[in-house]
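# Report on the structure
What follows is each chain in one-letter form.
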Amino acid sequence: MMSILFEPMVIKGMELKNRFVRSATYDGYADHTGQVTDKQIQFFEDLARGGAALIVTGISHVHDSGQTSPIQNSVASDHCIPGLKKLSDAVHNLGAKIAIQLFHAGRESARFLKAKNLEAVGPSFVHDDPYFKRPYRSMTGEDISEVVRSFGDAARRVREAGFDAVQVHGAHAYLLSQFLSPYLNRRNDQWGGHLENRLRLHREILKDIRAKAGEDYPLLIKIGVQDGFPGGLELREGALAARFLAEWGFDALEISSGLRGKRYEGTEFKTKLNRPEREAYFRGWCKEIKGEVDVPVMMVGGLRTFALMEEVVEGGEADFVSLCRPFIREPFIVNKWRKDNHYRPACISCNQCLDAIFQGNRLQCMQEAKARKN
Ligand SMILES: Cc1cc2nc3c(=O)[nH]c(=O)nc-3n(C[C@H](O)[C@H](O)[C@H](O)COP(=O)(O)O)c2cc1C
């Protein structure tokens, strides 16, 4: 089918066969040491067969202090390299590209680390925070430098393992968003205060990755440009942050939300996408940022209708469309759209997949699981 969505595009030498990205999705298929499993390889093979040009893995922690689940992929030591190599080979054999999402959870590691009698860290401790009740401590300068180094080391490992790119997780509730948010980052040293200080962590990570994985390695970032509650990061600053990141050398931006507010409506996982005006819920932010940067931009968040995605790319509001939940239900959805652009995804964005993974389960579409039982 002729559509701009099936036209190729290159990001820093990485040739992508179309404009569909599988947005990073935690899957819980790693083993208890954080290594790739055969089941996980099968899961990615389905995605690779399904037609998306680029698959971004789920959160993969670069340092043990940033882990949130016992069955999450680790890129914190060289042990990960052979398993990741098998995974990247499997995806390449089926004609897709794969990027890993490099991640540190910051204070969001509190629950997981408490069970191991360890303390979580964040930019600064906020007393009586209505959005976060667990204990954690403010990071020292040495903690921050260690985390920076761990991003670079992880990127070097991932490149060695044959991945096409890395995506730094700078969105949602996690460490980089925590640093960027004026609500949560209350530091008065070089890592806090005005916008460029709150972005220093991002910039140092960029430099460390470049030094260790190479100037020519495609380096993407998913950035949260607005927090989900009043008093947090505002779009005015978030859009400026996106511009800085592009100028400093990130090769592509995926535009999402920052710290989470209350209920799903205050997060990146909005529901009730049953009306066209509920779809593409970060479209306005993405369009604004796309107009201000010179690197490729990915739109994510509630994209469901082919015609709407086509309009977004044709209109120059984004270069790529990035989807998560529809792929959980239908890994082959891009191929379905290639045959029939009126096809409606079976995913109803109910978020039961999400509730299940937050309870420690492996990823699956719960609607499909229910249908199988009946
Ligand atoms: C089960 C599940 C796991 C997710 N895991 C990640 C993740 O590891 N990293 C990330 O950046 N976003 C993650 N997300 C968010 C998605 O990438 C995406 O930004 C969000 O779901 C909106 O896109 P969608 O409407 O196409 O689902 C996850 C979402 C879901 C539902």
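This section reports on the structure supplied with the text. Note that the structure is a prediction, hence the values are computed from the model and not measured.

## Points about the overall build of the protein chain
- What the protein chain contains, in helices and strands, is 14 helices and 13 strands.
- In terms of overall dimensions, the protein chain is globule-like: its C-alpha atoms have a radius of gyration of 19 Å, near the 21 Å expected for 374 residues.
- The C-alpha extent of the protein chain, read off along each of the three principal axes, is 55 × 45 × 40 Å.
- Every one of the 374 residues in the protein chain was classed for burial, and the buried ones make up 50%.
- When contacts within the protein chain are restricted to residue pairs at least 6 apart in sequence, those whose partners lie at least 24 apart make up 71%.

## Some words on the packing of helix α1 (residues 38-49) against helix α2 (residues 81-93)
- In contact at an axis separation of 9 Å, α1 and α2 are set at 25° when each is read in the N-to-C sense. With respect to α2, the axis of α1 lies roughly parallel. Here the hand of the crossing between α1 and α2 comes out right-handed. Each of Gln-40, Ile-41, Phe-44, Glu-45 and Ala-48 in α1 lies in contact with α2, whose residues at this interface are Lys-86, Leu-87, Ala-90 and Val-91.
- Here the residues of the contact of α1 with α2 are counted per class, giving six nonpolar, one polar and two charged.

## Side note on helix α10 (residues 306-314)
- Inspection of α10 places Phe-306, Met-309 and Val-312 among the buried residues, and these make up the whole buried set. Down the axis of α10, the buried side of the element spans an arc of 125°, and every buried residue falls inside it. Opposite its buried face, α10 presents the exposed residues Ala-307 and Glu-314, each directed more than 90 degrees away.
- Remark: Gly-316 follows α10 within two positions and exhibits a positive phi of approximately 70°.

## Here's the deal with the nonpolar core
- Counting 108 residues, the largest nonpolar core has Val-166, Leu-253, Ile-255 and Met-299 as the members making the most contacts within it.
- By residue number, the principal contributor to this core is helix α4 (residues 141-160), which donates seven residues.
- Look past the residues within four positions of Val-166 in its chain and what remains in contact with it is Ala-99, Ile-100, Leu-102, Ala-155, Val-158, Ile-209, Leu-219 and Leu-220.

## Quick look at the site of the ligand
- Taken together, 25 residues sit near the ligand, with Ser-23, Ala-24, Gly-58, Cys-324 and Arg-325 positioned nearest.
- Only β4 (54-61) and α13 (352-358) provide two or more residues apiece to the shell around the ligand.
- When residues in the shell around the ligand are grouped by element, the largest group, three residues, is from α13.
- Looking at the shell around the ligand, its residues break down into 13 nonpolar, nine polar and three charged.

## Some points on the packing of α4 against helix α7 (residues 200-213)
- The interhelical angle for the contact between α4 and α7, taken along N-to-C directions, is 40°, at an axis separation of 8 Å. The hand of the α4/α7 crossing is right-handed. Contacts between α4 and α7 involve Ile-144, Val-148, Arg-149, Phe-151, Gly-152, Asp-153, Ala-155, Arg-156 and Arg-159 on the former and, on the latter, Leu-201, Glu-204, Ile-205, Asp-208, Ile-209, Ala-211, Lys-212 and Ala-213.
- Its residues assigned to classes, the contact of α4 with α7 shows nine nonpolar, one polar and seven charged.

## A few points about the pairing of strand β6 (residues 97-103)
- Most of β6 sits out of view: seven of its seven residues are buried.
- Of the two faces of β6, both are covered, the one formed by Lys-97, Ala-99, Gln-101 and Phe-103 as well as the one formed by Ile-98, Ile-100 and Leu-102.
- Direction of pairing for β6 relative to strand β9 (residues 165-170): parallel, over a ladder of four bridges. Bridged to Gln-101 within β9 is Gln-167.

## Some details on the environment of Trp-337
- For Trp-337, the position within the fold is in helix α12 (residues 333-339).
- When the 23 C-beta atoms within 10 Å are taken as the criterion, Trp-337 is described as buried.
- Between the C-alpha atoms of Trp-337 and Thr-305, which are 32 residues apart in sequence, the distance is 9.7 Å.
- With residues up to four places along the chain from it excluded, the contact list for Trp-337 reads Phe-306 and Tyr-343.

The rules behind the values
- Residues numbered from 1 in each chain as written.
- Predicted model: local features only at pLDDT ≥ 70, side-chain atom pairs only at ≥ 80, totals over all residues.
- Helix = DSSP H or I, 4+ residues; strand = E, 2+ residues; numbered from the N terminus.
- Rg over C-alpha atoms; globule rule 2.2 N^0.38 Å.
- Buried ≥ 20, exposed ≤ 12 C-beta atoms within 10 Å, placed from the backbone.
- Contact = placed C-beta atoms within 7 Å.
- Axes fitted to C-alpha atoms, helices over the stretch in contact; angles between N-to-C directions.
- Parallel < 35°, antiparallel > 145°, perpendicular 65-115°, else oblique.
- Left-handed = near helix turned anticlockwise from the far one by under 90°.
- Nonpolar A, V, L, I, M, F, W, Y, C, P; charged D, E, K, R; others polar.
- Arc of directions from axis to C-beta.
- Core = buried A, V, L, I, M, F, W, Y, C linked by C-beta atoms within 7 Å.
- Near = placed C-beta within 6 Å.
- Pairing = 2+ DSSP bridges.

Any functional reading would require information beyond the geometric quantities listed.
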